[in-house]
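# Descriptive structure summary
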Amino acid sequence: RYGWRAAFLVTGSLGFLFVPPWLWIHKRIRQTYGVPDPAPCLVEESAGADPEGLSLHQVLARRKYWFFLLARACPDTVTFFYLFWLPGYFQDVRHYDMATVGKLLWIPYFCADVGALAGAWFSSALISRGLGLDRSRRTALLLSGLCAIAGTSAFLAPNHLLALALASLALFGHFAW
């Protein structure tokens, strides 16, 4: 009714509703801990090193940087593959028109969101039941990986709804990982 620009403007503006609660929480954390973020990962492991004062060469020389880059590069390629491939696949191969894309292709991305939450919850639930940290995480990773493998068979599915379900399961598993 109001056009696509209005849809972007309205949904983007809704983000401003999160600013007051964020400011309130941020203020409470600062009052309680005396710092904006009390997370232990902020403590620099090398004594007195200032991360702001590192040159690019010094950053690239650290193993920690390369492990982080590798840890992000592997899953991010899958994420962006699904992000850009899925709509084109369902339009070109499964012959979805734009209306059908709009009606159905939110489902795999919603499943990805649910998977991200479910993976963390499942691992934590196993830990709280006494399974142990390593075994809980490995169990969650194994089940997530098995779900993610489903995406490889989406193109073999005999109908478009099964292909959509398999892609949704794959994204659920990928984000649960």
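### So, the overall build of the chain
A tally of regular secondary structure across the chain gives 8 helices and 0 strands. Along the chain, helices (α) and strands (β) appear in the sequence α-α-α-α-α-α-α-α when read from the amino end. Sorting the 177 residues of the chain into buried and exposed places 19% on the buried side. Excluding contacts between residues fewer than 6 apart, the proportion of contacts in the chain whose partners are at least 24 apart in sequence is 53%. Counting only carbon and sulfur atoms, one obtains 69% of the accessible surface of the chain, whose full area is about 13300 Å².

### Things to note about the side chain of S123
In this structure, S123 sits in helix α6 (residues 106-128). Given the relative accessible area of 11%, S123 is considered buried. Ignoring any residue separated from it by four or fewer positions in sequence, one finds S123 in contact with S136, R137 and A140.

### A short note on unusual backbone geometry
A positive phi angle, near 60 degrees, is found at H95, a position not held by glycine. Locating H95 in the fold gives a position in the loop between α4 (63-92) and α5 (98-104). Here H95 falls in the exposed class, since its relative accessible area comes to 63%.

### Regarding the nonpolar core
Within the largest apolar cluster, 17 residues are counted, with the highest numbers of intra-cluster contacts made by L86 and F90. Elements with a minimum of two residues in this core: α4 and α8 (160-176). The element contributing the most residues to this core is α8, with 6 residues. The contact partners of L86, leaving out residues within four places of it in the chain, are F81, L105, P108, Y109, A167 and L171.

### Quick look at the pattern of salt bridges
Opposite charge on two side chains allows them to pair when their charged atoms are near. A complete count under the given rule lists 1 salt bridge for this structure. Residue R72 is joined to D76 by a salt bridge in which the shortest nitrogen-to-oxygen separation is 2.5 Å. Taken together, the residues span about one helical turn, with R72 and D76 both in helix α4 at a distance of 4 residues.

### Some remarks on the packing of α6 against helix α7 (residues 133-149)
Interhelical geometry of α6 versus α7 gives an angle of 145 degrees and a closest axis separation of 8 Å. The way α6 lies across α7 gives a crossing that is right-handed. From α6, G119, F122, S123, L126 and I127 reach across to α7, where they touch L133, S136, R137, T139, A140 and L143.

### Some words on the packing of aromatic side chains
Taken as a whole and judged by the stated rule, the model has 10 aromatic pairs. Centre to centre, the rings of Y82 and W85 are 6.0 Å apart; their planes meet at 75 degrees, and the pair counts as edge-to-face. Linking Y82 with W85, this pair stays in helix α4, spanning 3 residues, or about one helical turn. What makes Y82 buried here is its relative accessible area of 8%. For W85, a relative accessible area of 26% corresponds to the partly exposed category. Put simply, the rings of F81, Y82, W85, Y89, F90 and Y96 pair up and form one aromatic cluster.

### Focus on the environment of A167
Within the secondary structure, A167 is located in helix α8. Classification of A167 by relative accessible area gives buried; the value is 1%. With 62 residues separating them along the chain, A167 and L105 place their C-alpha atoms 10.0 Å apart. Excluding residues that lie within four positions of it along the chain, A167 makes contacts with L86 and A154.

The rules behind each value
- Residues numbered from 1 in each chain as written.
- Predicted model: local features only at pLDDT ≥ 70, side-chain atom pairs only at ≥ 80, totals over all residues.
- Heavy atoms only, no water.
- Helix = DSSP H or I, 4+ residues; strand = E, 2+ residues; numbered from the N terminus.
- Buried < 20%, exposed > 50% of the residue type's maximum accessible area, 1.4 Å probe, protein only.
- Contact = heavy atoms within 4.5 Å.
- Areas by Shrake-Rupley, 256 points an atom, 1.4 Å probe, with all protein chains shown as cover.
- Core = buried A, V, L, I, M, F, W, Y, C linked by side-chain atoms within 4.5 Å.
- Salt bridge = Lys/Arg side-chain N within 4 Å of Asp/Glu carboxyl O.
- Axes fitted to C-alpha atoms, helices over the stretch in contact; angles between N-to-C directions.
- Left-handed = near helix turned anticlockwise from the far one by under 90°.
- Phe/Tyr/Trp six-rings, centres within 6.5 Å; stacked < 30°, edge-to-face > 60°.

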